[in-house]
Amino acid sequence: MDVTALRSFREVCLLGSISAAAQALGYTQSALSRQVAALESRLTVPLLERHARGVRPTAAGAVLLEHATAILQRVERAERDVAASRERPVTTLRVGGVPTASATLLPRALSLFLADGAGGHAGPDVRPDVRVVFVEDFTPRLLERLRDGELDVAVVTDYPPGLPAGAPAEDRGRNRDSIALTHLLDDALRCALPRDHRLAIHAPERDGGDGDDGAAIDLAELADETWVEDYEGAAAVLSAACARAGFTPRVDIACGSWLGKQAFVAAGHGVMLVPGLLVPALRPDLLIRPLVDPPYRGVYAAAGPRPSGPAERFVRALRRAGSRS
């Protein structure tokens, strides 16, 4: 469907006159009439009807006018954006992260990144010169996508199956695939319990804050519990932590998503370990308790061997966000 014809049709409907619309758009009346006739021929329905003081849209014309208005708004926006891109080119920064990084770390980093690019002011009226797009995945796949050039930055962890064997833990280390690693934080795992659990201390429901629900507990107190876990690597972390506490965990529920695991625990079917970064996004009907001797996972920013300026800026934003977690 021709955009010029849609624009002419919209003008006719707004002014109620073919001659007035032709004058406003700089066409002859016959040229504008041909554009409207072409639309009617394509749609096989009359779009305008005459009345004493000019023309008005038919029922079909009113439907087309609604769509034409939306289409032309998008076209005009595209024209403005393309024109602006010539003056201020927009770069796309592709950022990946493990699912738990999306709860707090990545949103905080994005706010800091945008504020940095806007001179300290981030808000809806700021038009940054970098468009940031996000994807979620697990660490091995994120590293693979970095190597293949599909991502510029990724937030990864050494939580199994995490970083490759031999990857260094120090800041700005490089793993064997020449991916630069920047240490962001060590994330202590907590224990999530149902609200009516015997270890509950009548804690009020959380309001989405970062805090825990009471004092630290010893894993040994949970030796007889059923555990909710998903893949083999995560269960290995649980098993190692429980071994230090002197028991072997019984994993009766295998669930592959945080949404599902939370539901099972909230319903009283087991308990689970959760990363600290995820706590603010957990259901309020879960009880979150810190552990006396918690397992930790290292959280890192990963980038290619020659990161772009925006990628380096985002890594700096991640470090600042990590220091607040």
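Scroll up a little and you will see the structure.
So, here is what we can say about the structure in this document. (Residues numbered from 1 in each chain as written. Predicted model: local features only at pLDDT ≥ 70, side-chain atom pairs only at ≥ 80, totals over all residues. Heavy atoms only, no water.)

Brief notes about the overall build of the chain
When helices and strands are tallied, the chain shows nine helices and twelve strands. Of the contacts made within the chain by residues no fewer than 6 positions apart, 70% connect residues no fewer than 24 positions apart. Here the chain has roughly 16,600 Å² of accessible surface; of this, 51% comes from carbon and sulfur atoms. (Helix = DSSP H or I, 4+ residues; strand = E, 2+ residues; numbered from the N terminus. Contact = heavy atoms within 4.5 Å. Areas by Shrake-Rupley, 256 points an atom, 1.4 Å probe, with all protein chains shown as cover.)

Remarks on helix α4 (residues 59-87)
A rise of 1.5 Å per residue sets the reference length of α4, with its 29 residues, at 42 Å; its end C-alpha atoms lie 43 Å apart and thus fit the reference within 8%. Those residues of α4 not exposed but buried are Gly61, Leu64, Ala68 and Leu72. (Expected span 1.5 Å × (residues − 1). Buried < 20%, exposed > 50% of the residue type's maximum accessible area, 1.4 Å probe, protein only.)

Observations regarding the pattern of salt bridges
All told, the structure shown has 13 salt bridges when counted by the stated rule. For Arg94, the salt bridge is made with Asp152, and the minimal N-O distance between the two is 3.0 Å. Note that Arg94 is positioned in strand β3 (residues 91-97) and Asp152 in the loop between α6 (139-147) and β5 (153-157), a separation of 58 residues in sequence. Arg94 sits in the partly exposed class, given a relative accessible area of 29%. Accessibility expressed as a relative area gives 18% for Asp152, which makes it buried. In this structure, the salt-bridge partner of Asp137 is Arg145, at a minimum N-O distance of 3.2 Å. The buried category is assigned to Arg145, whose relative accessible area is 16%. Taken together, the shared-partner salt bridges connect Asp137, Arg141, Glu144, Arg145 and Glu150 into one network. (Salt bridge = Lys/Arg side-chain N within 4 Å of Asp/Glu carboxyl O.)

With respect to the packing of helix α1 (residues 3-15) against α4
At their nearest, the axes of α1 and α4 sit 9 Å apart, and the two run at 120 degrees to each other. As the angle between them shows, α1 and α4 are arranged oblique. The two elements α1 and α4 meet at a crossing, and its hand is left-handed. On α4, the residues touching Val3, Leu6, Arg7, Phe9, Arg10 and Cys13 of α1 are Gly61, Leu64, Leu65, Ala68, Thr69, Ile71, Leu72, Val75, Glu76 and Glu79. A breakdown of the residues in the contact of α1 with α4 according to their chemical character gives ten nonpolar, two polar and four charged. (Axes fitted to C-alpha atoms, helices over the stretch in contact; angles between N-to-C directions. Parallel < 35°, antiparallel > 145°, perpendicular 65-115°, else oblique. Left-handed = near helix turned anticlockwise from the far one by under 90°. Nonpolar A, V, L, I, M, F, W, Y, C, P; charged D, E, K, R; others polar.)

Considerations on unusual backbone geometry
Look at Thr44: it is not a glycine, yet its phi comes out positive at around 60 degrees. Its location among the elements puts Thr44 in the loop between α3 (29-43) and β1 (48-51).

Section: the side chain of Arg10
Checked against the element boundaries, Arg10 lands in helix α1. For Arg10, a relative accessible area of 16% translates into the label buried. At 3.3 Å, the side chain of Arg10 forms a polar contact with the side chain of Glu76. Arg10 has contacts with Leu65, Thr69, Leu72 and Glu76, leaving out every residue within four places of it along the chain. (Polar contact = N/O pair within 3.5 Å; in protein donor to acceptor, adjacent residues only side chain to side chain.)

Thoughts on the nonpolar core
Formed by 35 residues in total, the largest nonpolar core has its most connected members in Leu93, Leu105, Val156, Phe314 and Leu318. Elements with a minimum of two residues in this core: β3, α5 (105-117), β4 (130-136), α6, β5, β7 (180-194), β12 (296-303) and α9 (309-323). Among the elements that take part in this core, α9 stands out by supplying six residues, more than any other. By size, the runner-up hydrophobic cluster in this structure holds 18 residues, among which are Tyr159, Ile217, Leu238 and Leu273. (Core = buried A, V, L, I, M, F, W, Y, C linked by side-chain atoms within 4.5 Å.)

Section: the packing of aromatic side chains
Geometry of an aromatic ring pair is reported as the spacing of the ring centres plus the angle between the planes. Per the counting criterion, the structure on display carries two aromatic pairs. What links up through ring pairs into an aromatic cluster is the set Phe113, Phe134 and Phe314. (Phe/Tyr/Trp six-rings, centres within 6.5 Å; stacked < 30°, edge-to-face > 60°.)

Side note on the environment of Ala192
Following the sequence through the fold, Ala192 ends up in strand β7. Given a relative accessible area of 0%, Ala192 falls into the buried group. Taking the C-alpha atoms as reference, Ala192 lies 6.5 Å from Arg289; in sequence the two are 97 residues apart. Once residues lying within four places of it in the same chain are set aside, the contact partners of Ala192 are Val265, Val271, Met272, Val274, Leu287 and Ile288.

So, the pairing of β7
Of all 15 residues in β7, 13 are buried; the element is thus mostly enclosed. Of the strand pairs in this sheet, β7 and β12 are connected by eight bridges, and their pairing is antiparallel. Of the residues in β12, the one forming a bridge with Ala188 is Tyr296. Inspection of the sheet shows β7 paired to strand β10 (residues 272-275) by four bridges, in the antiparallel sense. In the sheet register, Arg190 faces β10, and the bridge partner there is Val274. Taken together, the four bridges between β7 and strand β11 (residues 286-289) define a ladder with antiparallel strand orientation. The residue bridging Ala192 from the neighbouring strand is Ile288, located in β11. (Pairing = 2+ DSSP bridges.)

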